[in-house]
Amino acid sequence: MSKSARKYLIAGNWKMNLNSAEGAELAKDVVALVGAQTDVAVCVCPTFTVLESVSKVVSGSNVQLGAQNMHFEASGAYTGEISAEMLRHLFANFVILGHSERREYFGETDAIVNKKTLAALAANLKPIVCIGETLEEREAGKVNEVIKTQLEGALVGVTAAAADALVVAYEPVWAIGTGKTATPEMAEEVHAEIRSLLAASIGAEAADKVRILYGGSMKPENADELLAQENIDGGLIGGAALKASSFAALVESAQKLSK
Ligand code: PGA
């Protein structure tokens, strides 16, 4: 399968920004700019309290909804947590899992990310599973080792049947929110490695269907080159997703490359 068979996905990770009114405003602008095109899959991921207002705004457009986290249990005594079914009820299609900020500040381990990934898939949510090395790990020559441990740890029990739904995001921790971006060559090298690890675990045909996003200071100025790489199938966008114009410019980059 060639790259062109995988539809680009541009996903905005709004992190802990915007209240429900502000989120609805941003979503309106995003819908106005890129909500009608169908070349590229587009998704915005607001914080939990903003999901409902944004859900209403994007409904009927080509902009989809995602969450930034979820709990792996379906319901019960888990104060402060949100289940996959609750997200589905608000028409969420995607959920970001194992973001490096969740791993660093909230103690999420590969085992937890694995439970969440399985629960998301079972609830028909598409997981965006985040992996990536720190600067220290890169400098110690451990990139492939870290990627392998995180990817295999997150995907225990995930089969080839999940390939269409599964999204992996490679986010080098040192590039997140720092303005430092991996060069297209550096990113592609890791993306190719991720695809070959996927092939070893779910088979080459299924691995070819999985979208692998790059994340870490992706912006309109560097998107063309990153998105043109053979194994880069989109982006997970933080800072540049908080402005409709820059987010839309990223979608347009992917659109150009889809043709
Ligand atoms: P950034 O964030 O684009 O601001 O670097 C990306 C992310 O954390 O998903």
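All chains use their own residue numbering, which begins from 1 and follows the written sequence. Confidence filtering applies because this is a predicted model: local features only for residues at pLDDT of at least 70, side-chain atom pairs given and counted only at 80 or more, and all residues used for totals across whole chains, interfaces and linings. As a rule here, side-chain values come from all non-hydrogen atoms in the structure, and water together with hydrogens is ignored.

K.L.:
Please explain the site of the ligand as it appears in this structure.
P.N.:
Throughout, the term near means that a residue has one or more heavy atoms lying within 4 Å of the molecule or strand in question. Residues in close proximity to the ligand total 13 residues, the closest being Lys15, His99, Glu171, Gly177 and Ser217. In the analysis that follows, any N or O atom pair within 3.5 Å is treated as a polar contact, provided that within protein one partner can donate a hydrogen and the other can accept it, and provided that, for residues neighboring in sequence, both atoms belong to side chains. For the ligand, an oxygen atom lies 2.7 Å from a polar atom in the backbone of Ser217. Accessible surface area values rest on a Shrake-Rupley calculation with a 1.4 Å probe, where residue burial reflects the displayed protein chains alone. In the complex, 95% of the free accessible area of the ligand, which totals 280 Å², lies under the protein chains. Grid points spaced at 1 Å and placed over the protein atoms alone form the basis of the search, with a cavity being a set where a 1.4 Å probe fits but cannot get out and a pocket an open set showing protein on both sides within 12 Å along at least five of seven lines. Lining residues have an atom within 4 Å of a point. The way we define it, a molecule is inside a pocket or cavity when more than half of its atoms are within 2 Å of that pocket's grid points. Among the cavities detected, the one that contains the ligand is the second largest pocket. Throughout, the ten residues Ala, Val, Leu, Ile, Met, Phe, Trp, Tyr, Cys and Pro are labelled nonpolar, Asp, Glu, Lys and Arg are labelled charged, and all others, Gly among them, are labelled polar. Partitioning the shell around the ligand into residue classes produces four nonpolar, seven polar and two charged.

K.L.:
Where do I start with the side chain of Ser246 in this structure?
P.N.:
A run of DSSP states H or I qualifies as a helix once it reaches four residues; a run of E qualifies as a strand once it reaches two. Both are numbered from the N-terminal end. Checked against the element boundaries, Ser246 lands in helix H11 (residues 244-258). Note on Ser246: relative accessible area 15%, which makes it buried. From its side chain, Ser246 meets the backbone oxygen of Lys243 in a polar contact 3.2 Å long. In what follows, residue pairs with any heavy atoms lying within 4.5 Å of each other are defined as contacts. Discounting residues that sit within four places of it in the chain, Ser246 has contacts with Pro220 and Ala240. Residue exposure (1.4 Å probe, protein chains only): buried if accessible area is under 20% of the type maximum, exposed if over 50%, otherwise partly exposed.

K.L.:
Can you walk me through the layout of surface pockets in this structure?
P.N.:
Sizing a probe to match a water molecule and rolling it over the atoms shows the empty space that remains. Grid points are joined across faces, edges and corners, and a volume is the space filled by probe spheres set on the points. In this structure, the largest pocket spans a volume of roughly 470 Å³. Taken together, 19 residues make up the lining of the largest pocket; nearest its centre are Met16, Thr47, Gln68, Arg102 and Phe106. Along the lines of polarity and charge, the residues of the lining of the largest pocket split into eight nonpolar, seven polar and four charged. Within this model, the second largest pocket holds a volume of roughly 170 Å³. Considering the residues around the second largest pocket, the lining is formed by 16 residues, among which Gly177, Ser217, Ile237, Gly238 and Gly239 are closest to the centre.

K.L.:
Looking at this structure, I do not really get the packing of aromatic side chains. What am I missing?
P.N.:
Any pair of aromatic rings gets described here by the distance separating the centres and the angle formed by the planes. Ring pairs are drawn from Phe, Tyr and Trp, using the six-membered ring of Trp, whenever the two centres fall within 6.5 Å, and their geometry is named by plane angle: stacked under 30 degrees, edge-to-face over 60, tilted for the rest. Across all of its chains, the model carries two aromatic pairs by this definition. Judged by centre distance (6.4 Å) and plane angle (90 degrees), the ring pair of Tyr105 and Phe106 falls under edge-to-face. One exposure class covers both Tyr105 and Phe106, and it is exposed. For the cation-ring pair, Arg102 lies above Phe106, with the distance from its terminal atom to the ring centre recorded as 4.2 Å. The rule for a charge over a ring is simple: NZ of Lys or CZ of Arg within 6 Å of the ring centre, and within 35 degrees of the ring normal.

K.L.:
Help me understand the UniProt feature "binding site: substrate" (unreviewed entry) in the protein chain, please; the structure alone is not making it clear to me.
P.N.:
UniProt positions are given in the numbering used here, feature names are shortened, and annotations may be inferred rather than shown by experiment. UniProt tags Asn13, Trp14, Lys15, Gly177, Ser217, Gly238 and Gly239 as "binding site: substrate" (unreviewed entry). A maximum C-alpha distance of 13.9 Å places the annotated residues, which cover 227 residues in sequence, within one compact spot. Of the annotated positions named here, the largest pocket is lined by Asn13 and Lys15. The class for Asn13 is buried, based on a relative accessible area of 4%. With near-sequence residues (within four places) excluded, Asn13 lies in contact with Cys45, Gln68, Ile96, His99, Leu236, Ile237, Gly238 and Ala241. Among the polar contacts made by the side chain of Asn13, one reaches the main-chain amide nitrogen of Lys15 at a distance of 3.1 Å.

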